[in-house]
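Descriptive analysis of the structure
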Amino acid sequence: AQSVTQPDIHITVSEGASLELRCNYSYGATPYLFWYVQSPGQGLQLLLKYFSGDTLVQGIKGFEAEFKRSQSSFNLRKPSVHWSDAAEYFCAVGAGGNEKLTFGTGTRLTIIP
Amino acid sequence: GAGVSQSPRYKVAKRGQDVALRCDPISGHVSLFWYQQALGQGPEFLTYFQNEAQLDKSGLPSDRFFAERPEGSVSTLKIQRTQQEDSAVYLCASSLRQGSGTQYFGPGTRLLVL
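Scope of this entry: the structure provided in the associated data block. From a predicted model like this one, the values you see are computed outputs, not experimental measurements.

In this structure, B:P8 follows B:S7 across a cis peptide bond, with omega equal to -10 degrees. The residue B:P8 is located in the loop between β1 (5–7) and β2 (10–13) in this model. The phi angle at A:K61 is positive, at roughly 60 degrees, despite the residue not being glycine. Along the chain, A:K61 falls in the loop between β7 (56–58) and β8 (64–68). One non-glycine residue, A:S72, lies in positive phi territory at about 50 degrees. Mapping A:S72 onto the fold places it in the loop between β8 and β9 (73–78).

Rendered as structure tokens:
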């Protein structure tokens with residue numbers, strides 16, 4: 001069975017600082033990997049996804065993530081955070097195609113001025 | 001076109017009542033998913049449709065939960081005899097076609113069972 005671990009429940013960073021959110025997955029084959037962001041009272045918005053090919057993927061809002069098969073990781077990064085980035089971030093893994101996603105428990109990001 | 005929409009956005013039910021939650025997927029999207037998100041947790045898969053066929057219902061927590069998509073578009077998630085542990089946000093997602101992989105989520109329905 002597939003699983004996702006987000007080891008950081010809550011992260012606080014200063015506005016303008018760099019950010020890295022960790023995600024480790026467990027899946028037997030090449031996974032489909034996703035990062036979603038959820039603002040309070042909102043649904044999930046897709047930031048980026050990895051299916052195959054280049055292991056460094058670019059997403060919206062200046063986010064990027066790197067797939068590292070040897071470490072079973074798909075960490076999310078941003079070079080300079082903005083106050084509007086404060087939200088809950090979820091990493092998810094899919095078995096491919098149109099199958100269900102398995103989500104991590106999320107990382108809550110707080111931005112301080 | 002418009003994104004995935006869900007109604008109602010909020011629902012308060014007394015324990016034992018039946019509730020029905022509606023999802024309107026993005027027009028033309030073949031696949032539809034329901035997830036349950038408890039407070040402070042990530043979403044958990046409930047069930048999946050491809051057109052009108054329910055291909056996977058392995059995540060439904062009990063036989064009180066029932067989902068349908070009779071015409072391959074709008075879907076309804078029904079919960080019978082609601083219990084307090086059913087309180088959660090119910091998220092619907094749709095994707096364009098089999099193999100596309102990307103799911104687009106609606107805003108969710110927040111259900112509170114008293």
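Having put the structure on the table, let's press on.
Residues and elements named next belong to chain B. Within the secondary structure, D86 sits in the loop between β8 (75–79) and β9 (88–95). Classification of D86 by relative accessible area gives buried; the value is 3%. In contact with D86, other than residues within four places in its own chain, are Q36, R64, F65, I79, L111 and V113.

As a further point, take the sheet that holds strand β3 (residues 19–24) of chain B. Two orientations exist for strands paired in a sheet by backbone hydrogen bonds: parallel and antiparallel. All names here are of chain B. Sheet architecture is open: four strands sit in the order β1-β3-β8-β7, paired in antiparallel fashion. The outermost strands of the open sheet, each flanked by one partner alone, are β1 and β7 (65–68). Each adjacent strand pair in this sheet contributes to an overall mean axis angle of 15 degrees, direction not counted. As defined by bridge partners, β7 adjoins β8 across four bridges and the pair is classed as antiparallel. Note that in β8 the partner of F65 across the bridge is I79.

This paragraph deals with the state of the cysteines. Inspection of the entire model under this criterion finds two disulfides over all chains. Through a disulfide, A:C23 is tied to A:C91; the S-S separation comes to 2.0 Å. Measuring the twist about the S-S bond at about -65 degrees, one finds the A:C23-A:C91 disulfide to be left-handed. Separated by 68 residues along the polypeptide, A:C23 in the loop between β3 (19–21) and β4 (24–26) and A:C91 in strand β10 (residues 87–94) bring together distant segments of the chain. With respect to burial, A:C23 and A:C91 carry one shared label: buried. The partner cysteine of B:C23 in its disulfide is B:C92, sulfur to sulfur 1.9 Å. Torsion about the S-S bond of the B:C23 and B:C92 cystine: about -65 degrees, corresponding to left-handed handedness. Taken together, the residues span a long stretch of sequence, with B:C23 in strand β3 and B:C92 in strand β9 at a distance of 69 residues. Overall, B:C23 belongs to the buried group, its relative accessible area being 0%.

Each value, and the rule that gives it
Residues numbered from 1 in each chain as written. Chains lettered and ligands numbered in written order. Predicted model: local features only at pLDDT ≥ 70, side-chain atom pairs only at ≥ 80, totals over all residues. Heavy atoms only, no water. Helix = DSSP H or I, 4+ residues; strand = E, 2+ residues; numbered from the N terminus. Buried < 20%, exposed > 50% of the residue type's maximum accessible area, 1.4 Å probe, protein only. Contact = heavy atoms within 4.5 Å. Pairing = 2+ DSSP bridges. Axes fitted to C-alpha atoms, helices over the stretch in contact; angles between N-to-C directions. Disulfide = S-S within 2.5 Å.

That is the geometry; function is a separate question.
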